[in-house]
Amino acid sequence: MKSLTMAGSHSTPTIQCDPARGLMSMQGDSYPENSFEFFDEVIHWVEQFLQQSTLPLQLELRLIYMNTSSVKAMMDIFDLLEAAYEQGRAVSVRWYYDPENERVVELAEEFKEDCTFPFYIKPHDE
């Protein structure tokens, strides 16, 4: 299985997917012109990882802003993690946030409410 690296821009997050470590990270803003097209490769990577690897998968987020379509794409990723968790896979999310950005904390908490897998929301200085 291959690693996936997507360089960030002013409107897209930097994304790194490392299958050897079972780690996917995203950081930055997410308001691409076409979120579904942008996240398609990421969602495909998650699907492949969950099918081909037995390692736990950890998603580390350091997102500042997400538009509505990015939120939907993230929900699709979380749905994949939830389904895997229900089948006994070890998956988790660690969402690091800027303590001065209440909006991101609220968004992370809304996502967490819909997930049964381990989901941690922490200030980025921890």
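Above this text you will find the structure in question.
What you see is a predicted model, and the numbers here were worked out from it, not measured in a lab.

Quick look at the overall build of the protein
Right, on to step 1. Of the regular secondary structure elements, the protein holds three helices and six strands.
Right, on to step 2. Its helices and strands in sequence order give the protein the pattern β-β-β-α-β-α-β-α-β, from N to C terminus.
Right, on to step 3. In terms of overall size, the protein behaves like a compact globule, its C-alpha atoms giving a radius of gyration of 14 Å where 126 residues would be expected to give roughly 14 Å.
Right, on to step 4. Each principal axis of the C-alpha atoms in the protein carries an extent, and together these give about 35 × 30 × 25 Å.
Right, on to step 5. Pairs at least 24 apart in sequence give 66% of the contacts found in the protein among residues at least 6 apart.
Right, on to step 6. Side-chain charges of the protein comprise 9 positive and 22 negative groups, with the mean position of each set lying 8 Å from the other.

Points about the side chain of Ser92
Right, on to step 1. Positionally, Ser92 belongs in strand E5 (residues 91-97).
Right, on to step 2. Residue Ser92 is classed as buried on the basis of its relative accessible area, which comes to 13%.

Considerations on the pairing of strand E6 (residues 119-123)
Right, on to step 1. Where E5 lies against E6, five bridges are found, and the strand directions are parallel. Bridge pairing in E6 links Trp95 to Ile121.
Right, on to step 2. In this fold, the crossover linking E5 to E6 by way of helix H3 (residues 102-113) has right-handed handedness.

Quick notes on the rules
Residues numbered from 1 in each chain as written. Predicted model: local features only at pLDDT ≥ 70, side-chain atom pairs only at ≥ 80, totals over all residues. Heavy atoms only, no water. Helix = DSSP H or I, 4+ residues; strand = E, 2+ residues; numbered from the N terminus. Rg over C-alpha atoms; globule rule 2.2 N^0.38 Å. Contact = heavy atoms within 4.5 Å. Lys, Arg positive; Asp, Glu negative; His and termini not counted. Charge placed at Lys NZ, Arg CZ, Asp CG, Glu CD. Buried < 20%, exposed > 50% of the residue type's maximum accessible area, 1.4 Å probe, protein only. Pairing = 2+ DSSP bridges. Right-handed = clockwise from strand over helix to strand, strands pointing away.

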